[in-house]
Amino acid sequence: MNNKNKLVNISLAGLLVGSMLCSPVIAGELVINTDTSDPAPKAAFETLIKGFESEHPDVTVKWNLFDHEGYKTSIRNFLTADAPDLANWYAGNRMLPYVRSGLFEPVDDVWEANRLNESLKPAAESMTIDGKKWGVPYTYYQWGVYYRKDLFAEQGIAVPTNWAEFKAAGARLKEAGITPITIGSKYLWTTAGLFDYLNLRTNGYDFHMALTRGEIPWTDERVRNTMSHWKELLDAGFFIKNHAAYSWQEALAPMVHGKAAMYVMGNFAVAPLRDAGLGDDQLGFFQFPEITPGVPMAEDAPTDTIHIPANAKNKEDAKKFLAYLARADVQAEINKTLGQLPINTQSEVGDDAFLQAGAKMLSSAEGLAQFFDRDAPAEMAKAAMEGFQEFMVKPERLDKILSRLEKVRGRAYK
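The shown structure was predicted, so the numbers you read here are calculated from the model rather than taken from an experiment. (Residues numbered from 1 in each chain as written. Predicted model: local features only at pLDDT ≥ 70, side-chain atom pairs only at ≥ 80, totals over all residues. Heavy atoms only, no water.)

Draft legend 1. Region of the structure containing the overall build of the protein. Assigned secondary structure in the protein consists of 19 helices and 13 strands. A globule of 414 residues ought to have a C-alpha radius of gyration of about 22 Å, and the protein, at 22 Å, matches this closely. A buried classification covers 57% of the 414 residues belonging to the protein. Looking at the protein as shown, the accessible area adds up to about 17100 Å², and 50% of this sits on carbon and sulfur atoms. (Helix = DSSP H or I, 4+ residues; strand = E, 2+ residues; numbered from the N terminus. Rg over C-alpha atoms; globule rule 2.2 N^0.38 Å. Buried < 20%, exposed > 50% of the residue type's maximum accessible area, 1.4 Å probe, protein only. Areas by Shrake-Rupley, 256 points an atom, 1.4 Å probe, with all protein chains shown as cover.)

Dropping the structure here:
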């Protein structure tokens, strides 16, 4: 990819922000910082940068590539001290601290000039804070209910679309000796996905996002209502036993062996389920069903984004890059490599059945949550996920759990 006209500088885990502090500004140079160091994201960004440079031969891209942990500890420093022209991050509440700190540049002009409110509509709300757009999203993936459709067929169960049907499906599975839902809560975050959907379906997107922003007490009756729905599933024995001892991967086994029928999970579960031997005639997907009638259907769809730092030196070329990134053909190409979904509604989606189902569902979503541990601050997310796991094991402790989370809320958002 490098040649005498193009410069791509890749620095991995040991990259020191200080090494960039005295970098001279070069005319036509576009500096991009990302944490896309895993093989597929790295390959996708190589393709992305090469394509952009081929269409903009007057622009040379300097790409600083961090490992994930190094990026998380460095981003605030480099945004403040010596900002790149572009930096990747995440949508929703995860970008809120950098917006509030004045470290990200609003890019409404890019959205308006390229009609992105139409083409990127599924993620438009999650990119909006205080009425302004703060970056461009380029990939996401769906969460929902992955299930053994052959087991459903054997038991005469239709895909449930509401809470009553969901509970009835679980009851029928239990009668047949099949555990309705598998989950591995050893590493906690799987419980957060379940909470997200129960809360989104009980109280709606706006409430859920306000809760993760710390604006609503955990002792609020509406939160208790969410937890009461969760308790209905616990009381009915819908979850596998000893789930706290299993990782999310280990919890796939009961589903593979036909001992459990459903898993509330992200689309990344499909590959290991297929690798374990489940064919597409056995494995299916459906949208988490309605709980409160009339509450619009929002979804968990972690969304990756690129932003212009407020202190960027080359904002003109940075906006050209964002416009390029937003294009339907570009998003289709990079998401083939990522194995995820393009956000541009005009992009072609691969013929994989689960990607097709996800694209259809997310394109009509009321809103996109980013997953609990992205939407909430780290301290709040950790405490809440610990509480969710505890609740699944000891639901009688709900009052103590919610009181404890309310105390954490008082600290985590200061």
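Continuing now.
Draft legend 2. The arrangement of the sheet that holds strand β9 (residues 260–266) in detail. Judged by pairing direction, the sheet is mixed, and its four strands sit side by side in the order β8-β9-β7-β10 without closing on themselves. Here the strands that pair on one side only, and so sit at the sheet edges, are β8 (179–181) and β10 (283–286). Taking each pair of neighbouring strands and ignoring which way they run, the sheet shows an average axis angle of 25 degrees. Direction of pairing for β8 relative to β9: parallel, over a ladder of two bridges. Of the residues in β9, the one forming a bridge with T179 is A260. (Pairing = 2+ DSSP bridges. Axes fitted to C-alpha atoms, helices over the stretch in contact; angles between N-to-C directions.)

Draft legend 3. Summary view of the nonpolar core. The biggest cluster of nonpolar side chains holds 133 residues, and the ones touching the most others in it are W218, W230, F239 and M262. Ranked by the residues each element gives to this core, the list is headed by helix α18 (residues 378–393), at eight residues. Ignoring sequence-local partners within four residues, the contact set of W230 consists of T191, L194, F195, L198, F239, F388, F391 and M392. The next biggest cluster of nonpolar side chains, apart from the first, holds five residues, and it includes L200, Y205, M209 and A369. (Core = buried A, V, L, I, M, F, W, Y, C linked by side-chain atoms within 4.5 Å. Contact = heavy atoms within 4.5 Å.)

Draft legend 4. Summary view of the sheet that holds strand β1 (residues 29–34). Spatially, five strands are ordered β2-β1-β3-β12-β6 in an open sheet, and the strand pairing comes out mixed. Edge positions in the sheet fall to β2 (60–65) and β6 (136–140), since each has one partner strand and no second. Mean inter-strand twist for the sheet, computed between neighbouring axes without regard to direction, equals 25 degrees.

Draft legend 5. Focus on the packing of aromatic side chains. Enumeration according to the criterion identifies 35 aromatic pairs in this entry. With centroids separated by 5.5 Å and ring planes inclined at 45 degrees, the aromatic side chains of Y98 and F104 adopt a geometry described as tilted. For the pair Y98 and F104, one class covers both residues: buried. An aromatic cluster is present here, built from F66, Y71, F78, W89, Y90, Y98 and F104 joined pairwise through their rings. Over the aromatic face of W111 sits the side chain of K133, whose NZ or CZ is 5.0 Å from the ring centroid. (Phe/Tyr/Trp six-rings, centres within 6.5 Å; stacked < 30°, edge-to-face > 60°. Lys NZ or Arg CZ within 6 Å of the ring centre and 35° of its normal.)

Draft legend 6. Looking closely at the side chain of H208. Mapped onto the elements of the fold, H208 is located in helix α10 (residues 205–212). Look at H208 and you get buried, because its relative accessible area is 0%. Contact partners of H208, with chain neighbours within four places excluded, come to F195, D196, N199, L200 and A369.

Draft legend 7. Summary view of the pairing of β1. The element β1 is largely enclosed, with a buried count of six among its six residues. By the alternation rule, side chains of β1 split into E29, V31 and N33 and L30, I32 and T34, which are all buried. Bridge analysis of β1 against β2 gives six bridges, and the strand direction is parallel. Considered in β2, the bridge of I32 is made with W63.

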